[in-house]
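This is what each chain is made of:
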Amino acid sequence: IDFDLILENVKDLNVLAGEGISQIEHTPGGARLRQPEPLPLTLYQNGIVMFNGPFRPYEDPSTQQCLQDIMDGYFPSELQMHYPDGI
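Residues numbered from 1 in each chain as written. Predicted model: local features only at pLDDT ≥ 70, side-chain atom pairs only at ≥ 80, totals over all residues. Heavy atoms only, no water.

For the chain, the name recorded in an unreviewed UniProt entry is UBX domain-containing protein 11, with Spheniscus mendiculus as its organism. Heading Function (unreviewed entry) of the UniProt record for the chain holds this comment: "May be involved in the reorganization of actin cytoskeleton mediated by RND1, RND2 and RND3. Promotes RHOA activation mediated by GNA12 and GNA13." (UniProt positions renumbered as here; feature names shortened; annotations may be inferred.)

What follows is the structure, encoded as structure tokens:
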């Protein structure tokens, strides 16, 4: 696992997802600026935790696919269920 590549690509993906850019949220009395909700990802020596969910060891195939997507420069394909319209 290339942690440097993962961190670099996560930074790039965060920019694509709109990090630091406010979005207009319409309210009944007008509108307000809203920051996109972050998606927590914690890297450990032996696995990851995403969405404050369960610990996922690197040996798990779904974890390997998730990290491979990130190393390839893509948002993890498993996020499509959570974000069907994109991030």
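Resuming the write-up.
Because side chains alternate across strand β4 (residues 47-50), one face comprises the buried residues Gly47 and Val49, and the other comprises Ile48 and Met50, equally buried. As paired elements, strand β3 (residues 41-43) and β4 share three bridges and run antiparallel to each other. Among the inter-strand pairings, Thr42 is bridged to a residue of β4, identified as Val49. Note that β4 and strand β5 (residues 56-57) share two bridges and pair antiparallel. Residue pairing in the sheet places Gly47 in a bridge with Pro57 of β5. (Buried < 20%, exposed > 50% of the residue type's maximum accessible area, 1.4 Å probe, protein only. Helix = DSSP H or I, 4+ residues; strand = E, 2+ residues; numbered from the N terminus. Pairing = 2+ DSSP bridges.)

It is worth spelling out unusual backbone geometry at this point. Look at Phe51: it is not a glycine, yet its phi comes out positive at around 60°. Here Phe51 lies in the loop between β4 and β5. Classification of Phe51 by relative accessible area gives partly exposed; the value is 32%. Located in the positive-phi region is Asn52, a residue other than glycine, with phi close to 55°.

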